[in-house]
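# Commentary on secondary and tertiary structure
Each chain is listed here by its residues.
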Amino acid sequence: MEPMSHNLAINGGTPVRNTLLPYGRQLIGEDDISLVCEALTSGWLTTGPKVEEFEKAFASAVQAEYAVAVSNGTAALHAAAFAAGIGPGDEVIVPVITFAASANCVRYLGGNVVFVDVEPKTLNIDVTQVERAITPKTKAIIAVDFAGLPAELEKIIALAQTHRLRVIEDAAHAFGATYQRRAVGSVTELTTFSLHPVKHITTGEGGMITTSDPMLAQTMRRFRNHGINSDFRAREATASWFYEMVELGYNYRLTDIQCALGIAQLRKHSLWLKRRREIVACYHEALSCCDTIELPTELPNRESAWHLYPIRLNLELLTAGRAQIFQAFRKENIGVNVHYIPVPWHPYYEKLGYQKGAWPVGESVYERMLSLPLFPSMSEQDVADVIEACLKIMKAYRR
Ligand SMILES: *Cc1c(COP(=O)(O)O)cnc(C)c1O
């Protein structure tokens, strides 16, 4: 019936490539290795000078006043939520399509997550839905820059000002993005980043929060250090042993070894961002002819940092569902992925009482989504392989 499907690897045909191409991957060079080695023998493995150096360089890269380094992107969200004053019984508005950590940070502090639907075009939080979800208990809005494209930050900030709410921007996908020509990291009062290997730059594990408010920065520095009001290096400098733990914090510190890697990675960030955009341009051009898929878009006044390239399948034009198409890509050795399962669908949230069906846009788009591989060290051949596999699979399953 479908002769084209015979050449698919899932049906015994030859795969487009022999090794699996992941959806994201770090790039480590000699320069990274030599800075890490220097840090290893510098005398400071943690709480040393590399932390401040990395924070200053990161803050300057996003035109923020302060950057606070922490052990991962989830710790960054936890610290930001703490600084925002989220506590037991507070309601915090979070988009339904994101990584679970965007919501979990509210739960760590005893708050209640109010999931709202996303905009169909961008999968960013829908501001109209946010407005409807505000109650007297609402404390904050967590906006996620999905796939790298900034959310409707201006409207979100205005709404927050009207209702006296805090704004946390989860920019784990958006390092290097701009909103009305301003760098993401300098737009909202608390912006969090992840330095996980699939993200734009990496420290192995790592996270960062940027802010223009010195009090928020100080609170987060304390929070990452047990709630202690001076750090070890500052005490060494004044030959003092006295310190006080003024509130309950955590050990969320990023080591000097990791910060050294971050400093080296940061130098390559704009080059890598450019490479991501080149790959995206290739995908756009080669795949726009394909009526069985919808491609991600940018919006005026916003530049995406292109962490992900999420395509949507037009299932009504296809003879196979997302699960089978996902497998078909994997058999061609193209490591597609799905971002994300709606957060309230996870058993932990289901047990808290959230029920499927309350977020029609996000939940229906989720059923059609696939992220194509996208990372700066992809070769021209890698890009060509993804395009070839995509066209081959779409042709085979076209109705
Ligand atoms: C990666 C990610 C995080 C968490 O970052 P980790 O460094 O893995 O803890 C949070 N939110 C979003 C949207 C992410 O993609």
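As a starting point, this report considers the structure included with it.

Conventions and cut-offs
- All chains use their own residue numbering, which begins from 1 and follows the written sequence.
- It should be noted that, the model being predicted, local features are given only for residues of pLDDT at least 70 and side-chain atom pairs only at 80 or more, the latter also being counted only at that level, while totals for whole chains, interfaces and linings use all residues.
- Excluded from the side-chain calculation are hydrogens and water; included are all heavy atoms of the structure.
- The secondary structure listing takes helices from DSSP runs of H or I that are at least 4 residues long and strands from runs of E that are at least 2 residues long, numbered from the N terminus.
- To get the radius of gyration, use the C-alpha atoms; to get the globule rule, take the number of residues to the power 0.38 and multiply by 2.2 Å.
- For every residue, the accessible area (1.4 Å probe, protein chains only) is compared with the maximum for its type, and the residue is labelled buried under 20%, exposed over 50%, or partly exposed between those bounds.
- Throughout, a contact is declared for two residues whenever any of their heavy atoms are within 4.5 Å.
- Here, any two strands with at least 2 DSSP bridges between them count as paired.
- Between the N-to-C directions of two axes lies an angle of 0 to 180 degrees, each axis being a line fitted to C-alpha atoms and, for a helix, fitted only over the stretch in contact.
- Throughout this description, any angle smaller than 35 degrees is read as roughly parallel, any larger than 145 degrees as roughly antiparallel, any in the 65 to 115 degree range as roughly perpendicular, and the remainder as oblique.
- In this scheme the crossing of two helices becomes right-handed for a clockwise turn of the near helix relative to the far one and left-handed for an anticlockwise turn of less than a right angle.
- Under the scheme applied here, ten amino acids are nonpolar (Ala, Val, Leu, Ile, Met, Phe, Trp, Tyr, Cys and Pro), four are charged (Asp, Glu, Lys and Arg), and all others, including Gly, are polar.
- Think of a nonpolar core as a cluster: buried Ala, Val, Leu, Ile, Met, Phe, Trp, Tyr and Cys residues, connected wherever their side-chain atoms sit within 4.5 Å.
- Helix span, as expected, comes to 1.5 Å for every residue beyond the first.
- Arc, as used here, means the arc of the directions from the helix axis to the C-beta atoms.
- Nearness is defined per residue: one heavy atom within 4 Å of the molecule or strand is enough.
- Counted as a polar contact is a pair of N or O atoms within 3.5 Å, where, for protein atoms, one must be capable of donating a hydrogen and the other of accepting one, and residues adjacent in sequence contribute only when both atoms are in side chains.
- Only the protein chains shown count as covering a residue, and every accessible area follows the Shrake-Rupley method with a 1.4 Å probe.

### Details of the overall build of the protein chain
- Summing up its helical and strand segments, the protein chain has 14 helices and 13 strands in all.
- Taken over the C-alpha trace, the protein chain has a radius of gyration of 22 Å; the compact-globule value for 399 residues is 21 Å, and the two agree within 12%.
- With the C-alpha coordinates aligned to their principal axes, the bounding extent of the protein chain is approximately 80 × 55 × 40 Å.
- In the protein chain, which comprises 399 residues, the share counted as buried stands at 57%.
- Counting contacts in the protein chain only where the partners sit at least 6 residues apart, residues at least 24 apart contribute 73% of the total.

### A closer look at the environment of Arg 277
- Mapped onto the elements of the fold, Arg 277 is located in helix H10 (residues 269-287).
- Arg 277 gets classed as partly exposed once you look at its relative accessible area, which sits at 29%.
- Beyond its immediate sequence surroundings of up to four residues, Arg 277 is in contact with Gly 176, Glu 303, Ser 304, Ala 305 and Trp 306.

### A word on the sheet that holds strand E6 (residues 178-179)
- With respect to topology, three strands assemble into an open sheet ordered E7-E6-E11, the strand pairing being antiparallel. The strands lining the two open edges of the sheet, one partner per strand, are strand E7 (182-183) and strand E11 (302-303).
- In this structure, E6 lies alongside E11, joined through two bridges in antiparallel fashion. From the neighbouring strand, Tyr 179 faces E11, where its bridge partner is Arg 302.

### Quick notes on the packing of helix H11 (residues 322-331) against helix H14 (residues 380-397)
- Taken N-terminus to C-terminus, the directions of H11 and H14 make an angle of 140°; their axes are 10 Å apart at the nearest point. Considering their axes alone, H11 and H14 lie oblique with respect to each other. Seen along the crossing, H11 lies across H14 with a hand that is right-handed. Every residue of H14 that contacts H11 at Gln 324, Ile 325, Ala 328 and Phe 329 is listed here: Ala 389, Cys 390, Ile 393, Met 394 and Tyr 397.
- Taken together, the residues of the contact of H11 with H14 sort by class into eight nonpolar, one polar and no charged.

### With respect to the nonpolar core
- One finds Ile 86, Phe 115, Ile 168 and Ile 209 to be the most contacted residues of the largest nonpolar core, which totals 50 residues.
- Of all elements in the fold, only strand E1 (66-70), helix H3 (73-83), strand E2 (91-95), helix H4 (101-108), strand E3 (112-116), strand E4 (138-144), helix H7 (214-223) and helix H13 (360-366) reach the threshold of two or more residues within this core.
- With eight residues, the top contributor of residues to this core is H3.
- Apart from the residues lying within four places of it in its own chain, the contact partners of Phe 115 are Val 94, Pro 95, Val 96, Ala 103, Val 343, Pro 344, Tyr 349, Tyr 354 and Trp 359.

### Here's the deal with helix H2 (residues 49-61)
- Across its 13 residues, H2 extends 19 Å between first and last C-alpha, which sits within 8% of the 18 Å expected from 1.5 Å per residue.
- Restricting attention to buried positions, one finds in H2 the residues Val 51, Phe 54, Glu 55, Phe 58 and Ala 59. Viewed end-on, H2 has its buried residues packed into an arc of 130°, placing them on one side of the element. Exposed residues lying more than 90 degrees from the buried face of H2 are Lys 56 and Ser 60.
- Residues of H2 that are buried sit in contact with E1, strand E8 (190-194), strand E9 (207-211), H7 and helix H9 (256-266).

### Concerning the sheet that holds E1
- Spatially, the seven strands line up as an open sheet ordered E1-E9-E8-E5-E4-E2-E3, and their pairing is mixed. What marks the edges here is a single partner per strand, and that holds for E1 and E3. Here the average twist between neighbouring strands, direction ignored, is 25°.
- Sheet strands touched by H2: E1, E8 and E9. Its angle to E1, the strand with the most contacts, is close to 130°.
- Each of E4 and strand E5 (166-170) touches helix H6 (residues 153-163); the most contacted strand, E5, lies at about 155° to it.

### Here's the deal with the site of the ligand
- For the ligand, the set of nearby residues contains 15 residues, the closest of which are Gly 73, Thr 74, Asp 170, Ser 194 and Lys 199.
- The separation between an oxygen atom of the ligand and a polar side-chain atom of Tyr 340 is 3.2 Å.
- Coverage of the ligand by the protein chains reaches 91% of its 380 Å² of free accessible surface.
- Listed by contribution, the elements that provide at least two residues to the shell around the ligand are H3 and H4.

### Re unusual backbone geometry
- With an omega dihedral of 0°, the bond running from His 339 to Tyr 340 counts as a cis peptide bond.
- Summarising the element assignment, Tyr 340 is placed in the loop between H11 and helix H12 (347-351).
- Residue Ala 147 is not a glycine yet carries a positive backbone phi of 65°.
- Position of Ala 147 among the secondary structure elements: in the loop between E4 and H6.
- One non-glycine residue, Trp 306, lies in the positive phi region at around 50°.
- Secondary-structure assignment places Trp 306 in the loop between E11 and strand E12 (309-313).
- Overall, the relative accessible area of 3% leaves Trp 306 in the buried class.

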